[in-house]
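# Descriptive structure summary
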There are 2 protein chains.
Amino acid sequence: MADTTDAACADRPVAAAAFGLAAGSDVVGENLLWLAIILMSARLFAPLAQRLGFPAVLGELLLGVVLGNLSLFGVQLFDTIAKDPIIAFIAELGVIVLLLQIGLETRLADLIKVGPRAFAVGALGIVAPFVLGAFVVGPWLLPGLNANAYLFLGATLAATSVGITGRVFRDLGKLNIPAARIVLGAAVIDDVLGLVILAVVSSLVKVGSVSVSEVSWIIAQAVLFLAGSIWIGRLIAPHSSRWLARLDAGPSMLFAQVLATALTLAWLAHAIGLAPIIGAFAAGLLFEPLFLKDFNQPQIVREIEPLIPASAPGLADKLRPILLKHSGHQHEHMIEPIGYFFVPVFFVLTGMQVDLNTLADPAVLGVGLGITAVAVIGKLVAGLAAGDSGKWLVGWGMVPRGEVGLIFAMVGKKLGVMNESMFSVIVIMVILTTLITPPVLTMLLRRRGE
Amino acid sequence: MADTTDAACADRPVAAAAFGLAAGSDVVGENLLWLAIILMSARLFAPLAQRLGFPAVLGELLLGVVLGNLSLFGVQLFDTIAKDPIIAFIAELGVIVLLLQIGLETRLADLIKVGPRAFAVGALGIVAPFVLGAFVVGPWLLPGLNANAYLFLGATLAATSVGITGRVFRDLGKLNIPAARIVLGAAVIDDVLGLVILAVVSSLVKVGSVSVSEVSWIIAQAVLFLAGSIWIGRLIAPHSSRWLARLDAGPSMLFAQVLATALTLAWLAHAIGLAPIIGAFAAGLLFEPLFLKDFNQPQIVREIEPLIPASAPGLADKLRPILLKHSGHQHEHMIEPIGYFFVPVFFVLTGMQVDLNTLADPAVLGVGLGITAVAVIGKLVAGLAAGDSGKWLVGWGMVPRGEVGLIFAMVGKKLGVMNESMFSVIVIMVILTTLITPPVLTMLLRRRGE
């Protein structure tokens, strides 16, 4: 009975892990270290990038590129992170928190004001790159492929990843300029239309035709989700806030309500095929500061105000907005530290997906550069629809393809319609659009600021 | 080429997930919903428990018990959460953040002052339950088993899980009373000695003898880790803080340094076989507010001070400490929101591990109650060593076995030394010690407060 197994020493770390982790807990241990490394090095790289005049997010992306390609120099240390599902989930939480923050800092009314313009930009931003890719540049640069392959290339060029642009606008405190609102609105439109185009192209590849009812259902679901979640959310939120504040008026309740709503809508968006970040953005839009008035005056106001002497009349009124802004009590500020922790994980992991090997074949690289040019031009054309509100900013804001473009390409690869060299070309396009955009946006924003 | 695969519609959610998640991304979607449910219901249950006079943590634990046992009523909905590695990792992060917070709120000097007393309590808290379990109550209540089985039972009774007690002390704002410090110090000693006893018992089971050099190595590693990380950390932290503040004096850098240190030490503790939370606690101890003085005066001070009129002399000096306390700039307060998010996940998941089926067999339940009594008495005996500093509080503070006891039992089961009924008895003991302690501690603390 005594000597049945062999693993007492190997079991020792098991004894240290929490309940659910009893199996395979060494991965958990390692992930703690990876998170520490990503967190700390992102914080070190970001200011270094900023000193060189680049946006912080470029520092995080390049850090990811470096870590993800150390294997070229024989260092395999970081290869497991890039594929680890736990780190991937933390990264996903990161970009969800980022879009929640962006949503909280955007007033719905402002977004509705730019609605028609955002719709035009979003629609043109899908149509222009799709047409250019599928019917012009695809057949020209990659001759001899199936027509479906060009359609898929076009669909991939139509994708937009709003995380990177949102981050740049937010870091520079420019979320409130009209161009930022147009980009955000257009990105939502883009995600819905991108989903439609992916479904249409997939259906063409599989059964050779498009079912109008299926496409209508996708559009109906997406519109119902967006309009429904924001409309119903705004009806419920004031009442639920009052009710929750009665139960516990502390900051943790406030915070839980906002974050749980974001996670739920992210899940719902994901469930109907949209990007989870679209759900998180919707959650941010539905909470307005007014709904949260039932939560207590923060402790800081209650402690400071009695100290203000009668000899300084009106001082309390002057101080209160500043105290509120900084008190860490407002939901925006409570979510900030969660962002500090998770958001860099998303961008570093995004950088780690960049495989520098792809750039080694000159022929592929040449075609990749051509496709990248088309990818940029297609979105810059869409930006023209923004009119005076910063057409270059809006156009460049739509350029990064990020994870969305790559996932489109993966679907094409799975369907057997996209071959290895076309996939590599798309990876190059995704890398370049993702890395070029942050410095270009920063430059454009700084020039406007002067 | 066109109709090779079948999964375009099933692929649609894939198109929505982030890079690394392209495979199996539906789990990610579901986990977002689980986190939202846990976060929100923990926030609802905690104030309900508090209204009934129970500590918040009991609300979270009981919520977990309910969710984890819905399958008894045919609802299988939550069975996947309890086993999901991603949720388990988030829970682990939760208890790491909790112990980091507790460490940050504990001054090392205060802990050293109670050192000898904490050592006596920790050592007695290992010896008393071990002797009672292995040599007295084990052979009496569970007759006819191998001697090694009783040794393992004793080891399991010796374990302490400090997370629950730390949470209760923290929630009631009592981390600074001597009893809390003794419990925290004793828990560290307990974890080291528990590791030694597990190694000794495992070695006895496997090879029939104990290697003195192996045991010495375990002790040396643990002592080296604890003393080394805190001592070296306190040497480095002032310099690294100055250097980091020069790079970026904002709050995100401060926060990253503290959190990354906690994650790294948690990993290191785990790697040498200690509980990760011991590493996180050490990280909390090594940062003192003084080290962080190089980080900027928070924005709030810079905005408020110019507004204070000359007619209110001395007001600025009076306001500054309050502003600093609440500004969300201090590292303790920046970590708070991370705690709000993650800590409930740990306690809900802990509750979900409770299998109410175990309580169904009256014979097992009877023995379980007996062993639970011994588990409580063994730690209350240890509490006597705390002397006047609240011996009952300290004793009860050591009572919860939580995840540590369960993991000890799992090692025993793997080694083949512990049979199913003994395992069930231990599960009952873990359930009861974990659920009874929070209300008892709350009662004892309230009585002292009066």
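A brief look at the structure comes next. Predicted model, so just to flag it, every value in this text is computed and none were measured. Numbering of residues starts from 1 in every chain and runs along the sequence as written. As they are written, the chains are lettered A onward and the ligands numbered 1 onward, keeping that order. Per-residue local features are limited, in this predicted model, to residues with pLDDT of at least 70; the limit for side-chain atom pairs, both in listing and counting, is 80 or more; totals at the level of whole chains, interfaces and linings are taken over all residues. By convention in this description, side-chain values take in all heavy atoms of the structure and omit both hydrogens and water.

### Here we look at the overall build of chain A
We count a stretch as a helix when DSSP gives it H or I for four or more residues in a row; a strand needs E for two or more, and each element gets its number in order from the N terminus. Each helix and strand in chain A was counted, giving 20 helices and zero strands. A buried classification covers 62% of the 450 residues belonging to chain A. For chain A, the accessible surface area stands at approximately 16,200 Å², while carbon and sulfur atoms represent 67% of it. Burial classes: relative accessible area under 20% of the type maximum marks a residue as buried, over 50% as exposed, and values in between as partly exposed (1.4 Å probe, protein chains only). Note on areas: Shrake-Rupley, 1.4 Å probe, and residue coverage restricted to the protein chains presented here.

### Quick look at a nonpolar patch on the surface
All names here are of chain A. Taken together, the side chains of Leu72, Phe73, Val75, Leu77 and Leu356 present a nonpolar region at the surface, about 480 Å² in accessible area. Looking at the element boundaries, Leu72 is found in the loop between helix H3 (56–68) and helix H4 (79–83). Residue Leu72 is classed as partly exposed on the basis of its relative accessible area, which comes to 42%. Within the patch definition used here, like charges are joined within 9 Å and nonpolar side chains (Val, Leu, Ile, Met, Phe, Trp, Tyr) within 5 Å, considering only residues with over 30% relative accessible area and no salt bridge. A carboxyl oxygen of Asp or Glu within 4 Å of a side-chain nitrogen of Lys or Arg is what we treat as a salt bridge.

### As for the environment of Leu63 of chain A
Residue and element names in this part refer to chain A. When you line up the elements, Leu63 lands in helix H3. Judged by relative accessible area, Leu63 falls into the buried class, the value being 4%. When the C-alpha positions of Leu63 and Val348 are compared, they lie 6.3 Å apart, and in sequence the two are 285 residues distant. Should any heavy atoms of two residues lie within 4.5 Å, those residues are considered in contact. Leave out the neighbours within four places in its chain, and Leu63 touches Ser41, Ala42, Phe45 and Val348.

### What to know about the packing of aromatic side chains
Classification of ring pairs uses Phe, Tyr and Trp, with its six-membered ring standing for Trp, and accepts pairs whose centres are within 6.5 Å; under 30 degrees between planes counts as stacked, over 60 as edge-to-face, and the remaining range as tilted. In total, this model carries 11 aromatic pairs over all chains according to the counting rule given. Here the aromatic rings of Phe342 of chain A and Phe342 of chain B are separated by 5.5 Å at their centres, their planes lie at 75°, and the arrangement is edge-to-face. Within this pair, whereas Phe342 of chain A is found in helix H16 (residues 331–352), its partner Phe342 of chain B is found in helix H16 (residues 331–352), the two belonging to separate chains. Neither Phe342 of chain A nor Phe342 of chain B differs from the other in exposure class; each is buried. When the ring of Phe130 of chain B is compared with that of Phe135 of chain B, the centres are 6.2 Å apart and the planes differ by 90°; the resulting orientation is edge-to-face. On the basis of relative accessible area, Phe130 of chain B is assigned to the buried category, the value being 14%. On the accessibility criterion, Phe135 of chain B (52% relative accessible area) is exposed. Taken together, the ring pairs connect Phe341 and Phe342 of chain A together with Phe341 and Phe342 of chain B into an aromatic cluster.

### Comments concerning the pattern of salt bridges
Residue and element names in this part refer to chain A. Scanning the entire structure with this criterion turns up 12 salt bridges over all chains. Among the salt bridges present, the one from Arg167 reaches Asp171, with a minimum N-O distance of 3.0 Å. Remark: Asp171 and Arg167 occur in helix H9 (residues 162–171); sequence separation between them is four residues, near one turn of the helix. Here Asp190 makes a salt bridge to Lys379, at a shortest N to O gap of 3.2 Å. Taken together, the residues Asp190 in helix H10 (residues 178–207) and Lys379 in helix H17 (residues 362–383) connect sequence positions 189 residues apart. Classification of Asp190 as buried rests on a relative accessible area of 3%.

### Structural notes on the packing of helix H8 (residues 147–158) of chain A against H17 of chain A
Between two packed helices, what matters for the description is the angle formed by their axes and the separation of those axes. Residue and element names in this part refer to chain A. Working convention: axes come from line fits to C-alpha atoms, limited for helices to the stretch in contact. Angles between N-to-C directions cover 0 to 180 degrees. Where H8 meets H17, the axes come as close as 10 Å, and the angle between the chain directions of the two elements is 55°. By the angle between their directions, the pair H8 and H17 is classed as oblique. For the pair H8 and H17, the crossing hand works out as right-handed. Contacts from Leu153, Leu157 and Ala158 of H8 reach H17 at Ile371, Val374, Ala375 and Lys379. Residues of the contact of H8 with H17, tallied by class, amount to six nonpolar, no polar and one charged. Our angle categories are set so that under 35 degrees counts as roughly parallel, over 145 as roughly antiparallel, 65 to 115 as roughly perpendicular, and the remainder as oblique. Handedness of each helix crossing follows the sense of rotation of the near helix against the far helix: counterclockwise by less than a right angle gives left-handed, clockwise gives right-handed. For this scheme, ten residues count as nonpolar: Ala, Val, Leu, Ile, Met, Phe, Trp, Tyr, Cys and Pro. Four count as charged, namely Asp, Glu, Lys and Arg, and the remainder, Gly too, count as polar.

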